[in-house]
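# Structural features, examined
Listed here are the chains, written in short residue letters.
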Amino acid sequence: MEDHRPALGRRGERIAEAILTARGLAILERNRAVGRGEIDLIARSGQRRVVVEVRTVRGELALDQQFPVAKRRQVHSLASNVGIDRVDLVGVALGPTGVEVHWLRNVAGD
């Protein structure tokens, strides 16, 4: 069976980029490797740089399941490694009736 997750993730990241730029953020970097991890997006909001973690699913989006505490801690750790203190999470759900996007700003790591 073929794994479609990379293509699904890229599609979700493109959708997230479109939403973020439409709301005034500038995308600075995509898929930046940091140690053993990767930052999906680094954006600028005003004078602040923001790390954005994107999760894409088919069907219903349950943010608490897509962004559990351990994942939030990991993203905050990656962000601190590149000198960024703000972390945003974007959940993208691709369903039969369309796309649902949730953007959580300045999410705590605990």
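Below or above, wherever it landed, is the structure these notes cover. (Residues numbered from 1 in each chain as written. Predicted model: local features only at pLDDT ≥ 70, side-chain atom pairs only at ≥ 80, totals over all residues. Heavy atoms only, no water.)

### Quick word on the pattern of salt bridges
Note that side chains of opposite charge can pair when their charged atoms are close. Evaluation of the coordinates by the stated rule reveals six salt bridges. Across the pair Glu53 and Lys71 runs a salt bridge, and its minimum N-O distance is 3.5 Å. Here Glu53, found in strand E3 (residues 48–58), pairs with Lys71, found in helix H3 (residues 69–81); they are 18 residues apart in sequence, far enough to count as distant. Accessibility assignment for this pair places Glu53 and Lys71 in one class, buried. Between Asp88 and Arg86 there is a salt bridge, with the nearest N and O atoms lying 2.8 Å from each other. With relative accessibility at 0%, the residue Asp88 sits in the buried group. On the accessibility criterion, Arg86 (10% relative accessible area) is buried. Through salt bridges with shared partners, a single network forms among Glu53, Arg55 and Lys71. (Salt bridge = Lys/Arg side-chain N within 4 Å of Asp/Glu carboxyl O. Helix = DSSP H or I, 4+ residues; strand = E, 2+ residues; numbered from the N terminus. Buried < 20%, exposed > 50% of the residue type's maximum accessible area, 1.4 Å probe, protein only.)

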